[in-house]
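Tertiary structure, described
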Amino acid sequence: MEQLSRSAGTVRPGGRTARVRAAVLEATQDELVEHGFHGLTMDQVAARAGVGKTTVYRRWGSPAGLVTDLMTELADQSSPHADTGSIEGDLRANALAVCEAVNDGRLGTTFQAMIAAATSDRQAANALRDFYARRIEEWAGVVDLAVQRGELPKGTDALELIRAVSAPLYYRLVVTREPVTPQVAEHSVRRALAAARAGAFIP
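Residues numbered from 1 in each chain as written. Predicted model: local features only at pLDDT ≥ 70, side-chain atom pairs only at ≥ 80, totals over all residues. Heavy atoms only, no water.

1. Quick notes on the UniProt feature "domain: HTH tetR-type" (unreviewed entry) in the protein chain
The UniProt record marks residues 18-78 with the feature "domain: HTH tetR-type" (unreviewed entry), using the residue numbering of this structure. End-to-end, the C-alpha atoms of residues 18-78 are 18 Å apart, and along that stretch the chain is 80% helix and 0% strand. (UniProt positions renumbered as here; feature names shortened; annotations may be inferred. Helix = DSSP H or I, 4+ residues; strand = E, 2+ residues; numbered from the N terminus.)

2. Concerning the pattern of salt bridges
Within the structure shown, the criterion is met by 12 salt bridges. For the salt bridge of Glu73 with Arg21, the shortest nitrogen-to-oxygen distance reads 3.0 Å. Note that Glu73 is positioned in helix 4 (residues 63-77) and Arg21 in helix 1 (residues 16-35), a separation of 52 residues in sequence. For the pair formed by Glu73 and Arg21, the shared burial category is buried. The salt bridge partner of Glu31 is Arg48, with a shortest N-O separation of 2.6 Å. Here Arg48 lies in helix 2 (residues 42-49) and Glu31 lies in helix 1, a separation of 17 residues in the sequence. The exposure class assigned to Glu31 is buried, which follows from its relative accessible area of 2%. Beyond isolated ion pairs, a larger network of salt bridges with shared partners links Asp30, Glu31, Glu34, Arg48 and Arg106. (Salt bridge = Lys/Arg side-chain N within 4 Å of Asp/Glu carboxyl O. Buried < 20%, exposed > 50% of the residue type's maximum accessible area, 1.4 Å probe, protein only.)

3. Here's the deal with helix 2
Regarding helix 2, the residues found buried are Met42, Val45, Ala46 and Ala49. Angularly, the buried residues of helix 2 cover 100° about the axis, an arc narrow enough to put them on a single face. Phi for Gly50, located one or two positions after helix 2, is positive at around 75°. (Arc of directions from axis to C-beta.)

4. Things to note about the nonpolar core
Val24 and Leu91 are the most contacted members of the largest nonpolar core, which totals 62 residues. In terms of domain composition, this core takes at least three residues from each of domain 1 (16-62) and domain 2 (75-198). When neighbours within four sequence positions are excluded, Leu91 is seen to be in contact with Val142, Leu161, Ile162, Val165, Val189 and Leu193. (Core = buried A, V, L, I, M, F, W, Y, C linked by side-chain atoms within 4.5 Å. Domains from an automatic or database assignment. Contact = heavy atoms within 4.5 Å.)

5. Considering the UniProt feature "DNA-binding region" (unreviewed entry) in the protein chain
Per the UniProt record, "DNA-binding region" (unreviewed entry) is found at residues 41-60. Its end C-alpha atoms 12 Å apart, residues 41-60 is made of 80% helix and 0% strand.

6. Quick notes on the packing of helix 7 (residues 122-149) against helix 8 (residues 158-176)
Two elements in contact, helix 7 and helix 8, have axes whose closest approach is 8 Å; the angle formed by their N-to-C orientations is 120°. Here helix 7 is positioned oblique relative to helix 8, judged by the angle of their axes. Here helix 7 runs over helix 8; the crossing is right-handed. Side by side, helix 7 and helix 8 meet where Tyr132, Ile136, Glu137, Trp139, Ala140, Val142, Val143 and Asp144 of the first sit next to Ala158, Leu159, Leu161, Ile162, Arg163 and Tyr170 of the second. (Axes fitted to C-alpha atoms, helices over the stretch in contact; angles between N-to-C directions. Parallel < 35°, antiparallel > 145°, perpendicular 65-115°, else oblique. Left-handed = near helix turned anticlockwise from the far one by under 90°.)

7. Notes on the packing of helix 1 against helix 4
Where helix 1 meets helix 4, the axes come as close as 10 Å, and the angle between the chain directions of the two elements is 105°. For the element pair helix 1 / helix 4, the angle class is roughly perpendicular. Taken together, the residues of helix 4 that come into contact with helix 1 (itself represented by Arg21, Val24, Leu25, Thr28, Gln29 and Leu32) are Leu66, Val67, Asp69, Leu70 and Glu73. Partitioned by chemical class, the residues of the contact of helix 1 with helix 4 number 6 nonpolar, 2 polar and 3 charged. (Nonpolar A, V, L, I, M, F, W, Y, C, P; charged D, E, K, R; others polar.)

8. A few points about unusual backbone geometry
The phi dihedral of Arg177 is positive, around 60°, even though this residue is not glycine. On the secondary structure map, Arg177 appears in the loop between helix 8 and helix 9 (182-197).

9. Thoughts on the packing of aromatic side chains
If you walk through the whole model with that rule in mind, you get 4 aromatic pairs. Ring centres of Phe131 and Tyr132 lie 5.2 Å apart, and the angle between their planes is 80°; on these two criteria the pair is classed as edge-to-face. The burial state of Phe131 is the same as that of Tyr132; both residues are buried. Seen from their ring centres, Tyr132 and Tyr170 are 5.6 Å apart, and the 80° between their planes marks the pair as edge-to-face. Highlighted residues: Tyr132 in helix 7 and Tyr170 in helix 8, separated in sequence by 38 residues. The class of Tyr132 is buried, set by a relative accessible area of 17%. Classification of Tyr170 as buried rests on a relative accessible area of 15%. (Phe/Tyr/Trp six-rings, centres within 6.5 Å; stacked < 30°, edge-to-face > 60°.)

Shown next as structure tokens:
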């Protein structure tokens, strides 16, 4: 969830089908930000996007279908992992990007709405899990590179290390509702990196 466009569907060129999808996904994100997942309706998204209701129902089927496609689009728009030349720099880039994303008025609210929806809707939960799986897999590459450079021990679980960097940030965001600051991000990186260097992420 890092280095994302703040709005879905705003950067893809294409024909009428692509334009309709972009408009619908942007409207979906607008509605999600304003009303949350449980206030998301197909009719309101169609009206906001300026497209026919039958088009929205036929292509997406349900509000869960809309948010699933929205999360796919946000993942598609995400930037590749950083390559600063050191694992410390790369993990810092990841943590600070997460910090920026969750504090962004539009994007952060989108993810909070999705996290809330995931507690009660299986399809929303699947969409959120798939999004994070793609992003964690992308950033795991920096750990693999660090192992090759000798910065981390062989056998380090790349996926678990990336999760460990961002987990404290999401805990503050969702559970304790404390501020997620750059300082918090920096501390998370230092703790996760110290554990990784000590072999804590070797299964």
